[in-house]
Protein chains: 2
Amino acid sequence: MLLKEKPVVVSRSTLKRLPLYLHLLEVLLAQGVEHVSCTQIAKEFDFDPTQVRKDLEVTGEVGTARIGFRVAGLVDSIKEFLGWNNAHDAFLVGAGNLGKALLGYHDFEKYGLNIVAAFDKDPRKVGSRIFGKEVLPLNKLPNLAKRMHIHIGIVTVPAEHAQSALDLMVGAGIMAIWNFAPAPLRIPSGVILENARLTQSLAVLTNNLIRHSNQGETYANRDVPKI
Amino acid sequence: MLLKEKPVVVSRSTLKRLPLYLHLLEVLLAQGVEHVSCTQIAKEFDFDPTQVRKDLEVTGEVGTARIGFRVAGLVDSIKEFLGWNNAHDAFLVGAGNLGKALLGYHDFEKYGLNIVAAFDKDPRKVGSRIFGKEVLPLNKLPNLAKRMHIHIGIVTVPAEHAQSALDLMVGAGIMAIWNFAPAPLRIPSGVILENARLTQSLAVLTNNLIRHSNQGETYANRDVPKI
């Protein structure tokens, strides 16, 4: 008899806490720590130990009573669970300032993200290289994405072009879109969309800052030293 | 008699939708559109018109029946509300890959963020310039932050150094911290902390992608064309 594996339903909050645990565990691993308990992890983050235990359950790792988890095993399992143990090839559309910044951020490779090439409609950008990655014309994307089995598409075009960039990538068989444009995008069912909204995070910060500043404090005239 | 202004309590969700509206309005403005209604804005985003109306109320702008809002007025009011009409000087701590990427992302200036200088503990980085911004030693931060009345501190150090970078900036009077490190940080009351967690957003994307891929599809052997 074949038993169907129960699909693991994982909350977004758990998914977002796993990278936090992973970073802590990697530090512990580098320090030569061999075992760690949920209580110890929870203490580092001011989290509830029960929550940590529940989060880590999704990785399939099992801790030992009074000893805890093997740090090395937990690191591997979280990476595997997040898909960070294998490289996912990605295309980036929009070689403007943000696109350039992402192309230059080599640490993505640690998280299984390998940006293979950039695409732009601007003929002045096409043909150039940014941090070693070639900038290609948009019309080459569909064919190349299929031939290279590209999994992830990164959208760094201005908001008003984001939907057409997404449509182009989805039409080329790209199933997961990481969107940096401040635009809400429509996707067909089966396609994965994740928004990484820097400007929205910044909006929360600067609005809080000005409301805070308006609550009384007046700033002295600034003298700006040369630095 | 003095009337105290009622403090506007704004939800995080509203704050995160305002940049979306702003980008749309700027496109409309560039196209010469003079007026826009909540219904039209809602339609663009598949939002509920009542929600759009409520979101826009916080800016203090008042629309006219059957005509809607003046686009130019609404652009200005949202910018003012978010604090994007004035530059906030910021220091960045951690001139690694992510720090470099952010220093090179000039569009931040559109959002009122002006990164003045970077700080790093690595003597090999100190003294260099990244996209024209000087990299200074950490011990210069407290004095300079006070003299220059720096409002925002950006944390781009590795997770294990994030708390000490934050403490250094808060000790120097910086009241708003934008944290890019995958670490939960403790802040004293009165200090504003906003986390911009790229790795966590990526975790959601890649985990969804591998679960999706495991649902049956097998990939053919890849042939990688030279591009």
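Calculation criteria
Residues numbered from 1 in each chain as written. Chains lettered and ligands numbered in written order. Predicted model: local features only at pLDDT ≥ 70, side-chain atom pairs only at ≥ 80, totals over all residues. Least-squares fit on C-alpha atoms with pLDDT ≥ 70 in both. Contact = placed C-beta atoms within 7 Å. Pairing = 2+ DSSP bridges. Helix = DSSP H or I, 4+ residues; strand = E, 2+ residues; numbered from the N terminus. Axes fitted to C-alpha atoms, helices over the stretch in contact; angles between N-to-C directions. Domains from an automatic or database assignment. Buried ≥ 20, exposed ≤ 12 C-beta atoms within 10 Å, placed from the backbone. Right-handed = clockwise from strand over helix to strand, strands pointing away. Left-handed = near helix turned anticlockwise from the far one by under 90°. Nonpolar A, V, L, I, M, F, W, Y, C, P; charged D, E, K, R; others polar. Core = buried A, V, L, I, M, F, W, Y, C linked by C-beta atoms within 7 Å. Expected span 1.5 Å × (residues − 1).

## Things to note about the relation of the copies chain A and chain B
Logical step 1: In the superposition of chain A on chain B (RMSD 0.0 Å, axial shift 0.0 Å), the rotation amounts to 180°. Expressed as an axis order, the relation between the two copies is that of a two-fold axis. The rotation axis passes nearest to the C-alpha of A101 of chain A in chain A, at a distance of 2.2 Å.
Logical step 2: A shared interface surface links the copies, since 100% of the contact residues of chain A are contact residues in chain B too.

## Observations regarding the sheet that holds strand β7 (residues 152-155) of chain A
Residue and element names in this part refer to chain A.
Logical step 1: In spatial order, the strands read β5-β6-β4-β3-β7-β8-β9; together these seven strands make up an open sheet with mixed pairing. The strands lining the two open edges of the sheet, one partner per strand, are β5 (129-130) and β9 (192-195).
Logical step 2: Those strands touched by helix α7 (residues 159-171) are β3 (88-93), β7 and β8 (176-179), and its axis lies near 165° from that of β7.

## Digging into the domain arrangement of chain A
Logical step 1: Split into domains, chain A comes out as domain 1 (12-82) and domain 2 (88-202).
Logical step 2: Placing the centre of domain 1 of chain A and that of domain 2 of chain A at their C-alpha centroids yields a distance of 32 Å.

## Considering the environment of L103 of chain A
Residue and element names in this part refer to chain A.
Logical step 1: By the secondary structure assignment, L103 is in helix α5 (residues 97-103).
Logical step 2: Taking C-alpha positions, L103 is 16 Å from I177, a pair spaced 74 residues apart along the chain.
Logical step 3: Apart from the residues within four sequence positions on either side, L103 is in contact with L92, I115, A118, I130, F131 and K133.

## A short note on the sheet that holds strand β9 (residues 192-195) of chain B
All names here are of chain B.
Logical step 1: Strand order across the open sheet formed by seven strands is β5-β6-β4-β3-β7-β8-β9, with mixed pairing between neighbours. Unpaired on one side and paired on the other, β5 (129-130) and β9 mark the two borders of the sheet.
Logical step 2: Inspection of the sheet shows strand β8 (residues 176-179) paired to β9 by four bridges, in the parallel sense. Of the residues in β9, the one forming a bridge with N179 is N195.
Logical step 3: Sheet strands in contact with helix α7 (residues 159-171) are β3 (88-93), β7 (152-155) and β8, and its direction is about 165° off that of β7.

## Quick look at the pairing of strand β4 (residues 113-120) of chain A
Residue and element names in this part refer to chain A.
Logical step 1: Counting buried residues in β4 gives six out of eight residues, a clear majority hidden from the surface.
Logical step 2: Summarising the sheet, β3 and β4 pair through six bridges and their orientation is parallel. Each bridged residue has a counterpart across the sheet, and for D89 the counterpart in β4 is N114.
Logical step 3: For the crossover from β3 across α5 to β4, the handedness is right-handed.
Logical step 4: Bridging between β4 and strand β6 (residues 133-137) involves three bridges; their strand directions are parallel. Within the sheet, the bridge partner assigned to A118 lies in β6 and is V135.

## Focus: the environment of Q200 of chain A
Logical step 1: Of note, Q200 of chain A is situated in helix α8 (residues 198-214).
Logical step 2: Spatially, the C-alpha atom of Q200 of chain A lies 7.6 Å from that of P182 of chain A, the residues being 18 residues apart in sequence.
Logical step 3: Excluding its chain neighbours within four sequence positions, the residues that come into contact with Q200 of chain A are P182 of chain A together with K16 and P19 of chain B.

## Regarding the packing of helix α1 (residues 12-30) of chain A against helix α4 (residues 71-82) of chain A
All names here are of chain A.
Logical step 1: The contact between α1 and α4 brings their axes to 9 Å, and the two run at 145°. In this structure, α1 crosses over α4, and the sense of that crossing is left-handed. Side by side, α1 and α4 meet where L18, Y21, L22, L25, E26, L28 and L29 of the first sit next to V71, A72, L74, V75, I78, K79, F81 and L82 of the second.
Logical step 2: Per-class residue counts for the contact of α1 with α4 are 13 nonpolar, no polar and two charged.

## Comments concerning the interface of chain A and chain B
Logical step 1: Each side of the interface is counted separately: chain A has 67 residues, and chain B has 67 residues.
Logical step 2: Ranked by residue count, the leading element in the side of chain A that touches chain B is α8 of chain A, at 14 residues.
Logical step 3: Here the side of chain A that touches chain B is built from residues that sort into 40 nonpolar, 16 polar and eleven charged.

## Regarding the nonpolar core
Logical step 1: F91, V155 and M169 of chain A together with F91, V155 and M169 of chain B are the most contacted members of the largest nonpolar core, which totals 140 residues.
Logical step 2: When neighbours within four sequence positions are excluded, F91 of chain A is seen to be in contact with V116, A117, F119, L141, A145, I150, G153 and M169 of chain A.

## Description of unusual backbone geometry
Residue and element names in this part refer to chain B.
Logical step 1: Located in the positive-phi region is R66, a residue other than glycine, with phi close to 65°.
Logical step 2: Turning to its location among the elements, R66 is positioned in the loop between α3 (49-57) and β2 (69-70).
Logical step 3: In this structure R66 comes out as exposed when scored by C-beta crowding, with 7 C-beta atoms within 10 Å.

## Concerning α1 of chain A
Logical step 1: With 19 residues, α1 of chain A extends 28 Å between its outermost C-alpha atoms, agreeing within 8% with the 27 Å of an ideal straight helix rising 1.5 Å per residue.
Logical step 2: The complete set of buried residues in α1 of chain A reads L15, R17, L18, P19, L20, Y21, L22, H23, L24, L25 and L28 of chain A.

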